[in-house]
Amino acid sequence: MSTTVRPSALAPFRIRNYRFQWPSDLLTSWAFEVETLVLGWYILVETGSVLLLTVLASLQYLGTLIAPVLGMVGDRMGHRDLLVVLRLTYTVLAATIMVLALTGHLAPLNVMIIVTIMGLIRSSDLGLRSALLADIMPAAQLVGAISLSRTTQDSARIAGALTGAGLFAVLGIGFVYAAVASLYLVAAILMSCLTRPERSVVTTDLPANSRAVSKLLDELKEGIVYAWNGPGMGAALCVAFLANLTAFPFTGGLLPYIAREIFHTDQTGLGYLSASFAVGSLIGSITLSLVGGLRIARLLIGATLAWYTMLLVFVEIRTMPVAMACLVLAGIAQSMSMISAAVILMRTASAHLRGRVMGVRMMVIYGLPLGLLAAGSLIDIIGYSATGSLYAAAGFLAMLAIAIRWRADLWPLHAPANAR
């Protein structure tokens, strides 16, 4: 009898390129999280407006609308090279905030402008990471690699939550941004150390005339149509849009408001709330990297429904320790849901279309700023608890509708999305 030996959870680190990509993604994620918390607290303290807080959070995802374009650029120039360019750009923008803060010229308007520029490109970073992972990893190790890659975001959120707001209070925004700019710079250097992956499909050269624009538009359309029509891919994209519209606002952009107005705490309390969700997410990511043979599409359905159930409970809680425990459980479900969606997309996508597919995946993140802006207005009208319950209940019912609509792609054991 032959036995199947399950690969080690750390097997992806045997790939040289992964040993450089993982720490580069980790440092970038740390910087993202510190920026999100520090700028959110800065705007809330300086303006006292929950609406401006949601506007700030929304601006960070402005680039989701052009993510398929950047995905197409990544397919042509290489996902590794584009990530180097993006991370060098983050360095310059973070250094600009640092200089403005240290010279006493930082103001909410300056922050809004810089965050708008950052938002145009930052949204594509996560999608390009996944596309690069699919380029460098064997198919058998893709679930483990994506799960380990998610730990960079989860651990970063813990570190950012526990240190970012506290460092802001102790050192001031200028010195915090000196550290943020340094993280981005080192991340760009590490990414440049990757060996360019060999392309299994070579893109054709563009004609040197006006037909070039038409050809680019055709390629972009091809990627968008392909992403929405692949087996299980449309369902994964709908789940991602739904989660960003109705779930992530209450564990991300609105957390400074929840910490200050609902739990009456300071930056430290905000850090604990954010870290709780991140701890759960990290547990979920590590669990998926250790457990094999899962039916990913079925996991997508179950984890997403569990996520909304925990959010329904969270918005009614007024005790910090209980709220933190609830956020841990929500984080576990969130991690398993979003990893499942990413695996379905990367398993199904053709090599030469991965950048565009993940660009479409990033485009649906635009549901987050829409959800944030609507939540900010609804909280002023009907209150926090009613708004949170409305979002969670609507998300739960919509997830059931998605599972029914795509049941042939998501539930049967023989479906490609459930392949082990």
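How each quantity is defined
- Residues numbered from 1 in each chain as written.
- Predicted model: local features only at pLDDT ≥ 70, side-chain atom pairs only at ≥ 80, totals over all residues.
- Heavy atoms only, no water.
- UniProt positions renumbered as here; feature names shortened; annotations may be inferred.
- Buried < 20%, exposed > 50% of the residue type's maximum accessible area, 1.4 Å probe, protein only.
- pLDDT = per-residue confidence, 0-100.
- Helix = DSSP H or I, 4+ residues; strand = E, 2+ residues; numbered from the N terminus.
- Contact = heavy atoms within 4.5 Å.
- 1 Å grid on protein atoms, 1.4 Å probe; cavity = no way out; pocket = protein on both sides within 12 Å on 5 of 7 lines; lining within 4 Å.
- Points joined across faces, edges and corners; volume = space filled by probe spheres on them.
- Nonpolar A, V, L, I, M, F, W, Y, C, P; charged D, E, K, R; others polar.
- Patch = residues over 30% accessible without salt bridge, like charges linked within 9 Å, V, L, I, M, F, W, Y side chains within 5 Å.
- Areas by Shrake-Rupley, 256 points an atom, 1.4 Å probe, with all protein chains shown as cover.
- Salt bridge = Lys/Arg side-chain N within 4 Å of Asp/Glu carboxyl O.
- Expected span 1.5 Å × (residues − 1).
- Axes fitted to C-alpha atoms, helices over the stretch in contact; angles between N-to-C directions.
- Parallel < 35°, antiparallel > 145°, perpendicular 65-115°, else oblique.

The name that an unreviewed UniProt entry assigns to the chain is Putative MFS family arabinose efflux permease, with the source organism given as Bradyrhizobium stylosanthis. Here the chain is described in UniProt, under the heading Subcellular location (unreviewed entry), as follows: "Cell membrane".

Novice: So what exactly am I meant to see when it comes to unusual backbone geometry here?
Specialist: Note: most residues except glycine have negative phi, and most peptide bonds are trans. Backbone geometry places His264, a non-glycine residue, at a positive phi of 55°. Residue His264 is classed as exposed on the basis of its relative accessible area, which comes to 65%.

Novice: Looking at this model, I keep getting lost on the confidence of the model for the chain. Mind explaining?
Specialist: In low-pLDDT regions, the fine details of the predicted coordinates are not to be read closely. Averaged over every residue, the pLDDT of the chain is 82; residues scoring 70 or more account for 85%. Mean pLDDT across the elements of the chain bottoms out in helix α9 (residues 211-229) (66) and peaks in helix α17 (residues 384-405) (94). Between residues 1-6, whose pLDDT stays under 50, and residues either more than four places distant or in other chains, the model counts four contacts. Here residues 206-210 is modelled with pLDDT under 50, and outside its nearest four sequence neighbours on either side it reaches six contacts, counting other chains as well.

Novice: Quick question: what am I supposed to make of empty space enclosed by the protein here?
Specialist: One way to see where empty space is left: roll a probe the size of a water molecule over the atoms. Under the criterion given, the structure shown has three cavities of 30 Å³ or more. Taken as a whole, the largest cavity holds about 1000 Å³ of empty space. Together, 44 residues line the largest cavity, and Glu33, Tyr61, Leu126, Gln153 and Phe248 are the ones closest to its centre. In terms of residue class, the lining of the largest cavity is made up of 22 nonpolar, 15 polar and seven charged.

Novice: What is the right way to read the side chain of Asp25 from this model?
Specialist: Turning to its location among the elements, Asp25 is positioned in helix α1 (residues 16-47). For Asp25, a relative accessible area of 1% translates into the label buried. Leaving out residues up to four positions away in the same chain, Asp25 has contacts with Arg87, Arg129, Ser149, Thr152 and Met191.

Novice: When you look at the environment of Leu126 in this model, what are you seeing that I'm missing?
Specialist: By secondary structure assignment, the location of Leu126 is in helix α6 (residues 125-136). Of the residues examined, Leu126 reaches a relative accessible area of 28% and is grouped as partly exposed. Separated by 232 residues in sequence, Leu126 and Met358 have C-alpha atoms that sit 8.5 Å apart. With near-sequence residues (within four places) excluded, Leu126 lies in contact with Gln153 and Met362.

Novice: Would you mind going over a nonpolar patch on the surface with me for this structure?
Specialist: Together, Ile66, Val69, Val73, Met77, Val85 and Leu120 make up a nonpolar patch on the protein surface, roughly 400 Å² of accessible area in all. For the nonpolar patch, the element with the most residues is helix α3 (residues 67-77), which contributes three residues. Mapped onto the elements, Leu120 comes out in helix α5 (residues 108-122). Looking at Leu120, the relative accessible area reads 34%, which means it is partly exposed.

Novice: When you look at helix α16 (residues 367-382) in this model, what are you seeing that I'm missing?
Specialist: For α16, with 16 residues, the first-to-last C-alpha span of 21 Å sits near the 22 Å given by 1.5 Å per residue. Those residues of α16 that fall on the buried side of the exposure criterion are Gly367, Leu368, Pro369, Gly371, Leu372, Ala375, Gly376 and Ile379. Check the buried side of α16 and you find it contacts α2 (50-59), α10 (233-246), α11 (255-262) and α17. Backbone geometry just downstream of α16 places Gly383 in the positive-phi region, at approximately 100°.

Novice: What am I meant to see in the packing of α10 against helix α13 (residues 296-314) here?
Specialist: With their axes 12 Å apart at the nearest point, α10 and α13 run at an angle of 10° to one another. Between α10 and α13, the crossing angle belongs to the class labelled roughly parallel. Note on element contacts: α13 touches α10 through Leu300, Thr304, Trp307 and Tyr308, opposite Ala236, Val239, Leu242, Ala243 and Thr246. Looking at side-chain class alone, the contact of α10 with α13 contains seven nonpolar, two polar and no charged residues.

Novice: When you look at the environment of Met363 in this model, what are you seeing that I'm missing?
Specialist: When you line up the elements, Met363 lands in helix α15 (residues 354-363). Once the C-alpha coordinates of Met363 and Leu62 are considered, the two residues, 301 residues apart in sequence, prove to be 9.3 Å apart.

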